[in-house]
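Commentary on secondary and tertiary structure
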Amino acid sequence: MHDSFKALIPLIIPEGVSNYFEMTHHSQGEGRLDIFLEEMNIIPEEFEHNKLVSKGFYEPVTLQDFPIRGQQVYLHVKRRRWLNQDTDQVVYRNWELVAKGTRITQDFAAFLKGISGQPST
């Protein structure tokens, strides 16, 4: 991917997401943009002193995000899991992208609350 396009990714996906996820591909259909994100193999800070081995991904989760130029935007997020060889347990990054009780990002949920006159939490 050209560097100029890489610079746009943090403007399209929620803040901080590009620190841990990379866009693998996208698709565009009638009024819809789907962005596919995969968690990078960066060891979570709380496990940096453990021996972790990547063991693939959980099933993708689909989140609705801010619309872009009249297109509905959906993020398809694949979270990584690791095997902690010190404890023999599967671990993952504590990543709270989804607003509590919804299938949309926290930023988008706050936006919707703001435009409906409800205070954001």
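Scroll up to find the structure.
Residues numbered from 1 in each chain as written. Predicted model: local features only at pLDDT ≥ 70, side-chain atom pairs only at ≥ 80, totals over all residues. Heavy atoms only, no water.

Looking now at the overall build of the protein. Broken down by element type, the protein carries 2 helices and 7 strands. By sequence separation, contacts in the protein at least 24 residues apart represent 53% of the contacts at least 6 residues apart. Summed over all atoms, the accessible surface of the protein reaches about 8200 Å², with 50% contributed by carbon and sulfur. (Helix = DSSP H or I, 4+ residues; strand = E, 2+ residues; numbered from the N terminus. Contact = heavy atoms within 4.5 Å. Areas by Shrake-Rupley, 256 points an atom, 1.4 Å probe, with all protein chains shown as cover.)

On to the environment of Q28. Looking at the secondary structure, you find Q28 in strand β1 (residues 21–29). For the pair Q28 and V73, spaced 45 residues apart in the sequence, the C-alpha separation amounts to 9.4 Å. Aside from chain neighbours lying at most four places away, what touches Q28 is L33 and Q71.

Spatially, β3-β6-β7 is the arrangement adopted by the 3 strands of the open sheet, whose pairing is antiparallel. Here the strands that pair on one side only, and so sit at the sheet edges, are β3 (52–57) and β7 (89–91). The sheet shows a mean angle of 35° between the axes of neighbouring strands, direction not considered. Pairing of β3 with strand β6 (residues 80–84), which is carried by 4 bridges, proceeds in the antiparallel orientation. When the sheet's bridge partners are listed, L52 is paired in β6 with N84. (Pairing = 2+ DSSP bridges. Axes fitted to C-alpha atoms, helices over the stretch in contact; angles between N-to-C directions.)

To continue, consider the sheet that holds strand β5 (residues 71–78). Across the sheet, 4 strands lie side by side as β1-β2-β5-β4; this open sheet has mixed pairing. Of all the strands in the sheet, the pair left with one neighbour each is β1 and β4 (61–68). Strand-to-strand, the axes of this sheet are offset by a mean angle of 25°, without reference to chain direction. Summarising the sheet, strand β2 (residues 32–39) and β5 pair through 7 bridges and their orientation is parallel. Across the sheet, the residue bridging to L33 is V73, located in β5.

All told, the structure shown has 2 salt bridges when counted by the stated rule. A salt bridge links D34 to R32; its shortest N-O distance comes to 2.8 Å. Among the residues examined, D34 registers a relative accessible area of 8% and is labelled buried. The class for R32 is partly exposed, based on a relative accessible area of 33%. Two residues, K78 and E38, come together in a salt bridge whose shortest N-O distance is 3.6 Å. With a gap of 40 residues between them, K78 in strand β5 and E38 in strand β2 connect regions that are remote in the sequence. Overall, K78 belongs to the partly exposed group, its relative accessible area being 27%. (Salt bridge = Lys/Arg side-chain N within 4 Å of Asp/Glu carboxyl O. Buried < 20%, exposed > 50% of the residue type's maximum accessible area, 1.4 Å probe, protein only.)

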